[in-house]
Amino acid sequence: MSELVLIKNIIKDQMIGKEVTIKGWVKSTRKKKSFSFIVLNDGSNQSGLQIVADAQIPGYDNATNALTGSSLSITGKVVASQGQGQSLELQASVLELLGPADETFPLQKKATSLEFLRENAHLRSRTNTMAAVMRVRSSLAFATHSFFNARDFLYLHTPIITGSDCEGAGEMFKVTTLDLDHLPRNEEGKVDYKKDYYGKDTGLTVSGQLNAETYACGMGRVYTFGPTFRAENSNTPRHASEFWMIEPEVAFFDLEDVANLAIDYIKHLINHALNNNLEDLTFLQSRYKEDLIASLTKVSNSPVNKITYTQAIDILQKAKVDGHHFDFPVEWGSDLQTEHERFLSEKTFDGPVIVTDYPKAIKSFYMKQNSDGKTVRAMDILVPGVGEIIGGSQREDDYGLLLQRINELGLKKEDYWWYLDLRKYGTVPHSGFGLGFERAIMYITGMQNIRDVIAFPRTPGNAEF
Ligand code: 4AD
Ligand code: MG
C-alpha cells in the first residue's frame, strides 16, 4: 500500500514519479472508450487532482460509474500532465469505490446559489466556495495566535456562562435549569433566580472583555479568542447570534497604542492570507469580488486613516448636502449605521478608517470619559463592504467616574463589584478591542453574508444543524 497523501502536498511538493494513494470525493468524471478522467477533491486545496485511469485497472467500472459526490480511494503514480489546466495528474493503478452517491446528491456540478448551500450546510464543505472560505478562516485563526504570540500576549480563556452583561445592551441569552413551566417566584412575584443552578441570573457571554481586563491588570497583555452570543433581533448580512471574537486587552496602553495594535493585527491577517491562501483568494475573487486581491494588497501597504466621530458626522453631513441619500439621520449624537460606515470606508477613504471619540451616550459604560464631558475614548474600525469590524476603547480607570456611569445607566453595582475592584487596587490605564472574526473573514474573502463564513450560522429563527 502506498502512503495516503493530501492533494495539496502532491502539488506543493511536485511529487512527480511518486506512488501515492489519495482519498476524496468525485467532482466530475469523463469517460472515453478505453480510459477515463476523474477529478477528485479531498478538501485540502481548491483545484483537486485529475486522475487518468485505464479501463483494465482493478475497480475501474465501479469507480468511473460513480456519480458526483461519491467517495473514492485511488492509488497511482504522479506524472506530468499532458493536458491544459494542471501541471500534474495521477496515473491510476487501483481504484476503489468507498461510498457511492446517487443522483439525489444535492450539490450537482451546475452552479448553485449561496442560499441553497446554506440550506444544505451539512454538505457545503464539498463546494469550491465554502471550502475556500473555510480554509481561509482556519488560516486566519492560526494567524491570530501567531500575531499575539509573537507580541508576548497571554492567550486567556474567559467564561462562556456569565452573570455580567459586558455591553449592557440586554442582549444576553439566558442560561437556566429552572423548569420553565413552573417558575419559582419571590415575594415580588419575579422569577426567583436564587433557586436556579448558579443561584443567580446568568447568560451566555456577549464579550470576554471584563474578565480579560482582570488578567491584563495583573499580567499585562492578554487576548481571548472565543465564541460570543448576542440575542439581538438583527436579520442582516453581518449579524449572527453566535460569532467568534478576538479581544486583546493591554495594561498601560492608551487609545492610540491600541489603535496601532489593531491596524498591525488587521494587516497581519491580510498579509497572512495573501501569502498562504492565494489560490483560494484568487478563486473567490473570480466569483465574488473582482478587485479583492488588489484592494487587500493596497490596504497592506497603506497607512490607515483616523478621524474623530465629530469629523465623521461633518463628512456625512457634507455628503448629504452634495445630494447623497442616507436612510438614517446624520446628526451629532446618533449612532453610525452600516450605510454611514460603508460610505466613510468606501466613498470617503476607499479603505479601512478608524473613528474615535464617540458620544458617551451611544457607547458602553466602561469607556474612558474625555474631559469635554460629552465623548469617550472609543474607536471603531470600519472597512469597505462590511462596515464595523472592530470596536474598542481605552477603559475608564477612575473608580469614581466608572461608578458614576454604572449608576447613570441603571446598571447594578453589585454585578460589577469585582470589575470596580480593579480601579480600587492598583488601577492603571488600559485599553483593548474586539475584532468580529466573521466580519474580518467577510472582508478578506469578499463574501457578503456572514452566513457564508461560518460553518453553521446561528441567526434569528435559524438553528438548523
Ligand atoms: O463593538 P462590540 O460590541 O464590542 C465589544 O463587545 C467590546 N467588549 C470589545 C472589546 O473592547 N473587547 O463588538 C466587537 C466586534 C464588532 O466590531 C463586530 O465586528 C463584532 O464584534 N460583532 C458581531 N459580529 C457578528 N454578529 C454580531 N451580532 C456582532 N456583534 C458584534
Ligand atoms: Mg461596536
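This text goes with the structure placed above it.
Residue positions are counted from 1 within each chain, in the order its sequence is given. Each chain takes a letter, starting from A, and each ligand takes a number, starting from 1, following the order in which they are written. Two thresholds apply to this predicted model, a pLDDT of at least 70 for residue-level local features and 80 or more for giving and counting side-chain atom pairs, whereas whole-chain, interface and lining totals are computed over all residues. Hydrogens and water molecules were not included; the side-chain quantities draw on all heavy atoms of the structure.

Participant: Can you walk me through empty space enclosed by the protein in this structure?
Facilitator: Where empty space is left in the structure can be found by rolling a water-sized probe over the atoms. Using a grid of 1 Å spacing that covers the protein atoms alone, one calls a set of points a cavity when a 1.4 Å probe fits there but cannot get out, and a pocket when the set is open and has protein on both sides within 12 Å along at least five of seven lines; lining residues are those with an atom within 4 Å of a point. Grid points are joined across faces, edges and corners, and a volume is the space filled by probe spheres set on the points. Across all of its chains, the model carries two cavities of 30 Å³ or more by this definition. By volume, the largest cavity amounts to about 50 Å³. Surrounding the largest cavity, Ile263, Ile266, Lys267, Val299, Val304, Pro352 and Ile381 form its lining. Tallied by class, residues from the lining of the largest cavity come to six nonpolar, no polar and one charged. Put simply, the second largest cavity is a space of about 30 Å³. Each residue is assigned to one of three groups, with Ala, Val, Leu, Ile, Met, Phe, Trp, Tyr, Cys and Pro labelled nonpolar, Asp, Glu, Lys and Arg labelled charged, and all others, Gly among them, labelled polar.

Participant: Could you clarify how one ought to interpret the layout of surface pockets in this entry?
Facilitator: Taken as a whole, the second largest pocket holds about 750 Å³ of empty space. For the second largest pocket, the lining is made up of 36 residues, of which Lys27, Arg126, Thr127, Asn128 and Thr129 are closest to its centre. Those elements giving two or more residues to the lining of the second largest pocket turn out to be β1 (19–31), β2 (35–41), α3 (114–119), α4 (128–150) and α7 (278–288). Here the lining of the second largest pocket gets six residues from one element, more than from any other, and that element is α4. Class assignment of the residues belonging to the lining of the second largest pocket gives a composition of 15 nonpolar, 13 polar and eight charged. Counting from the N terminus, the helices are DSSP H or I runs at least four residues long and the strands are E runs at least two residues long.

Participant: Would you mind going over the sheet that holds strand β4 (residues 71–80) with me for this structure?
Facilitator: Within a sheet, neighbouring strands are paired by backbone hydrogen bonds and run either parallel or antiparallel to one another. When DSSP finds two or more bridges between two strands, those strands count as paired. Overall, mixed pairing links the five strands, which are arranged β1-β2-β3-β5-β4 in a closed barrel. On average, adjacent strands in this sheet sit at an angle of 55° to one another, irrespective of strand direction. Where β2 meets strand β3 (residues 49–54), six bridges bridge the pair, whose relative direction is antiparallel. Considered in β3, the bridge of phenylalanine 37 is made with valine 52. Axis lines are fitted to C-alpha atoms, over the contacting stretch for helices. Their N-to-C directions set the angle, which ranges from 0 to 180 degrees.

Participant: Would you explain the pattern of salt bridges in this entry?
Facilitator: Here the idea is simple: oppositely charged side chains can pair when their charged atoms come close. By definition here, a salt bridge exists when the distance from a side-chain nitrogen of Lys or Arg to a carboxyl oxygen of Asp or Glu is within 4 Å. Taken as a whole, this structure holds 22 salt bridges when the rule is applied. Lysine 18 is the salt-bridge partner of glutamate 3, the closest N and O atoms lying 3.3 Å from each other. Within this pair, whereas glutamate 3 is found in the segment before α1 (7–12), its partner lysine 18 is found in the loop between α1 and β1, the two being separated by 15 residues in sequence. Accessibility expressed as a relative area gives 35% for lysine 18, which makes it partly exposed. Across the pair aspartate 421 and lysine 424 runs a salt bridge whose closest N-O atoms are separated by 3.7 Å. Linking aspartate 421 with lysine 424, this pair stays in helix α12 (residues 417–424), spanning three residues, or about one helical turn. For every residue, the accessible area (1.4 Å probe, protein chains only) is compared with the maximum for its type, and the residue is labelled buried under 20%, exposed over 50%, or partly exposed between those bounds. Relative accessible area serves as the criterion here: at 47%, lysine 424 is assigned to the partly exposed category. In this structure, a network of salt bridges that share partners links the residues Glu115, Arg118, Arg124 and Asp452.

Note that every value here comes from positions in space, so none of it alone points to a role or purpose.
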